[in-house]
Each structure stands twice: as C-alpha cells, then as structure tokens.
Amino acid sequence: MLNIILFGPPGAGKGTQSEKLIAKYHLCHISTGDLLRSEMAKKTELGLAAKKYMDSGSLVPDDVVIGMIRNKLAQDSSGPGCIFDGFPRTVAQAEALDELLSETGNTITLMIALQVEADELIKRLVKRGETSGRSDDTEETARKRIEVYDRETSPVANYYAKQDKYHAVDGVGEVNDIFNRICQVVGVPV
Ligand code: B4P
C-alpha cells in the first residue's frame, strides 16, 4: 500500500495537494480537519467538544482524534492506500497510527512536509477566511495555530525522519509546480 502523510503548518496546502494526489494515485483521503468539521456541522457531542479547541487554534485532544482515525481506517482498509492529511499532529498520534496500521500489516510509506514561511501562511489563511466560513481562519487564530504547530506538531517530522520517511518539499509557488515536486518524491507506486 502507498500510505502518504501530508504534513505542514496550517495553510501549507495539505488539503489542496491531497485532492491532486488522490486523483492521480486513487488513494483514500483521511483528513482529521474535515472529519472534525463534519462532526461540528452535525452538532454531535464530539463535534461540539472539538469546536472550542478548533475555534481557539488549539489541537483537539489526542484520544478524540485517534478514536476517529481508528473508525475511519476500519472503513477504508482496502484499496491502494491512503493520504493522511493533517494527521498525525503530535508524536502520540504518530505512535498510535503506526500501531493501528501494523494491526493490518501496513505501514506509512513516506511523509511529505510542505515548507512555507509564516507570513505567507497567514496571508493564505486570511484569504481563505473570506470564503471558507471557517471561524478559525482569522489572523489572530492563524498566528496561534502556527505557534501550536511549532511547539506541538513540528516534532512529528523528526519521528518520521528517524524512520527515513521524511521528505521536505518547497510549498511556495504555483499549485501545479508544487504538485510536480511532490510527485517526484512519491515516484511511481508499485
Ligand atoms: P485542517 O483542516 O487540517 O486545516 P489546515 O491545516 O488549516 O489547512 P491546509 O494545510 O489543509 O491548507 P489548504 O490546502 O486549505 O485543521 C483545522 C483544525 O482542526 C486544526 O487547527 C485543529 O484544531 C484541528 N485538527 C485537525 N487535525 C487534528 C489532529 N490530528 N489533532 C488535533 N487537532 C486537529 O490551503 C490553505 C489556503 O491556501 C487555501 O485557501 C488554498 O487555496 C491556498 N493555497 C494552497 N496552496 C497554495 C499555493 N501554492 N499558493 C497560494 N495559495 C495556496
């Protein structure tokens, strides 16, 4: 299986590039952000609990997110592989993902880490906020989310570097150019 983690700070383009990778490699899409927003829209207990973390720019607690991934993997266990978009965001989540995949004899193939500077991220998120309706797409929350990323999420890169799976990709420029850089790393799936 081809299991790719798309990694990077908020606004790095994980969602944007996921769509293109899914179309090319026919992978399933696992986005914890999308899953959480769907729970919020349905006003489930989980969604209501997650909303206060997301609106403040904080991470949703690990046990909630890991439980969601466990359910999702149980539904999407066949097929050529998956894109993990915005997950894992902590080392505890990365360890849990390795464990969950190993239950079915699978593993992460590689991590693509999109590199984008903070000023550009904030510009993109504020612009997305003009149409997204997302309450976390404000300048203030974007700055908080980048701080949370630096403190809590960036160590996940080292977790995969130790497994020789980490690949940094320049995330600035035209969307198609960035996609071509990613495809050079992914290569042709076997
Ligand atoms: P996510 O939904 O994962 O969202 P994201 O990080 O904001 O954005 P992404 O990188 O996908 O950017 P996009 O392609 O849209 O997370 C939301 C929240 O959910 C988190 O803050 C957290 O609270 C919670 N959460 C999610 N997962 C969690 C987890 N595992 N653990 C705990 N909490 C979790 O791109 C952004 C914008 O830039 C778009 O408007 C796009 O059009 C534009 N853009 C993209 N590429 C561009 C380019 N090359 N040039 C110019 N603009 C570009």
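Residues numbered from 1 in each chain as written. Predicted model: local features only at pLDDT ≥ 70, side-chain atom pairs only at ≥ 80, totals over all residues. Heavy atoms only, no water.

**Student:** I keep staring at the pattern of salt bridges and nothing clicks. Help me out?
**Tutor:** If the charged atoms of two oppositely charged side chains come close together, the side chains can form a pair. With the rule as written, the count across this model stands at twelve salt bridges. With a closest N to O distance of 3.5 Å, Asp136 and Arg145 form a salt bridge. When sorted by exposure, Asp136 lands in the same class as Arg145, which is buried. Taking the shortest distance from any N to any O, the salt bridge between Arg151 and Glu152 comes out at 3.4 Å. Overall, Glu152 belongs to the partly exposed group, its relative accessible area being 33%. Among the charged side chains, a network of salt bridges with common partners joins Arg128, Arg134, Asp136, Asp137 and Arg145. (Salt bridge = Lys/Arg side-chain N within 4 Å of Asp/Glu carboxyl O. Buried < 20%, exposed > 50% of the residue type's maximum accessible area, 1.4 Å probe, protein only.)

**Student:** Would you take a moment to explain the site of the ligand for this structure?
**Tutor:** Around the ligand sit 29 residues, and of these Thr16, Thr32, Ser58, Arg128 and Arg145 come closest. At a separation of 3.4 Å, an oxygen atom of the ligand approaches a polar backbone atom of Gly11. Within the contact set of the ligand, an oxygen atom lies 2.6 Å away from a side-chain nitrogen or oxygen of Arg145. When isolated, the ligand has an accessible area of 1,000 Å², and the protein chains bury 86% of it. Secondary-structure elements contributing two or more residues to the shell around the ligand are helix H1 (14–25), helix H2 (32–41), helix H6 (118–132) and helix H9 (175–186). Element by element, the count of residues in the shell around the ligand is highest for H2, at four residues. (Near = heavy atom within 4 Å. Polar contact = N/O pair within 3.5 Å; in protein donor to acceptor, adjacent residues only side chain to side chain. Areas by Shrake-Rupley, 256 points an atom, 1.4 Å probe, with all protein chains shown as cover. Helix = DSSP H or I, 4+ residues; strand = E, 2+ residues; numbered from the N terminus.)

**Student:** What exactly am I supposed to notice about the pairing of strand E4 (residues 110–115) here?
**Tutor:** Along any regular strand, the residues point their side chains to alternate faces of the sheet. Burial within E4 is extensive, with five of its six residues counted as buried. Where strand E1 (residues 4–7) and E4 come together, four bridges link them in parallel fashion. Paired with Ile4 across the strands is Leu110, a residue of E4. The sheet contact formed by E4 and strand E5 (residues 166–170) spans five bridges and is parallel. Within the sheet, the bridge partner assigned to Met111 lies in E5 and is Tyr166. (Pairing = 2+ DSSP bridges.)

**Student:** Where do I start with empty space enclosed by the protein in this structure?
**Tutor:** Any empty space left between the atoms is revealed when a probe the size of a water molecule rolls over them. The full count for this structure, using the stated rule, is one cavity of 30 Å³ or more. A volume near 50 Å³ is recorded for the largest cavity. What lines the largest cavity is simply Leu6, Phe7, Gly8, Lys14, Gly86, Phe87, Pro88, Arg89, Tyr149 and Thr153. Partitioning the lining of the largest cavity into residue classes produces five nonpolar, three polar and two charged. (1 Å grid on protein atoms, 1.4 Å probe; cavity = no way out; pocket = protein on both sides within 12 Å on 5 of 7 lines; lining within 4 Å. Points joined across faces, edges and corners; volume = space filled by probe spheres on them. Nonpolar A, V, L, I, M, F, W, Y, C, P; charged D, E, K, R; others polar.)

**Student:** Looking at this structure, I do not really get the nonpolar core. What am I missing?
**Tutor:** A general tendency of soluble globular proteins is for nonpolar side chains to be buried together. Grouped together as the largest cluster of nonpolar side chains are 27 residues, with contacts concentrated most on Ile5, Phe7, Leu73, Phe84, Leu97 and Tyr160. Among the elements of the structure, E1, strand E2 (28–31), helix H3 (45–55), helix H4 (62–75), strand E3 (82–85), helix H5 (91–102), E4 and helix H8 (155–161) are those that each provide at least two residues to this core. Excluding residues that lie within four positions of it along the chain, Ile5 makes contacts with Phe84, Phe87, Pro88, Leu97, Ile108, Leu110, Met111, Ile112 and Tyr160. Within the second largest apolar cluster, 23 residues are counted, among which are Leu6, Val116, Cys183 and Val186. (Core = buried A, V, L, I, M, F, W, Y, C linked by side-chain atoms within 4.5 Å. Contact = heavy atoms within 4.5 Å.)

**Student:** What's the story with H2 in this structure? I'm lost.
**Tutor:** Quick reminder: α-helices carry 3.6 residues per turn. Residues three or four places apart thus point the same way. Those residues of H2 lying buried are Thr32, Gly33, Leu36 and Glu39. Looking down the long axis of H2, one finds its buried residues gathered within 125° of arc, a one-sided arrangement. In the core, the buried residues of H2 are packed alongside E2, H3, H4 and E3. (Arc of directions from axis to C-beta.)

**Student:** Which parts of the structure should I look at to understand the environment of Glu147?
**Tutor:** Within the element layout of this structure, Glu147 appears in helix H7 (residues 139–153). For the pair Glu147 and Ser58, spaced 89 residues apart in the sequence, the C-alpha separation amounts to 9.5 Å.

**Student:** What is the right way to look at the state of the cysteines in this model?
**Tutor:** Every disulfide links exactly two cysteines, by a covalent bond between their sulfur atoms. For the structure on display, the rule yields one disulfide. Here Cys28 engages in a disulfide with Cys82; their sulfurs sit 2.0 Å apart. Torsion about the S-S bond of the Cys28 and Cys82 cystine: about 90°, corresponding to right-handed handedness. One end of the pair, Cys28, is in strand E2; the other, Cys82, is in strand E3, and 54 residues separate them in sequence. The thiol of Cys183 is not disulfide-bonded; the next cysteine sulfur, from Cys28, is found 17 Å away. (Disulfide = S-S within 2.5 Å.)

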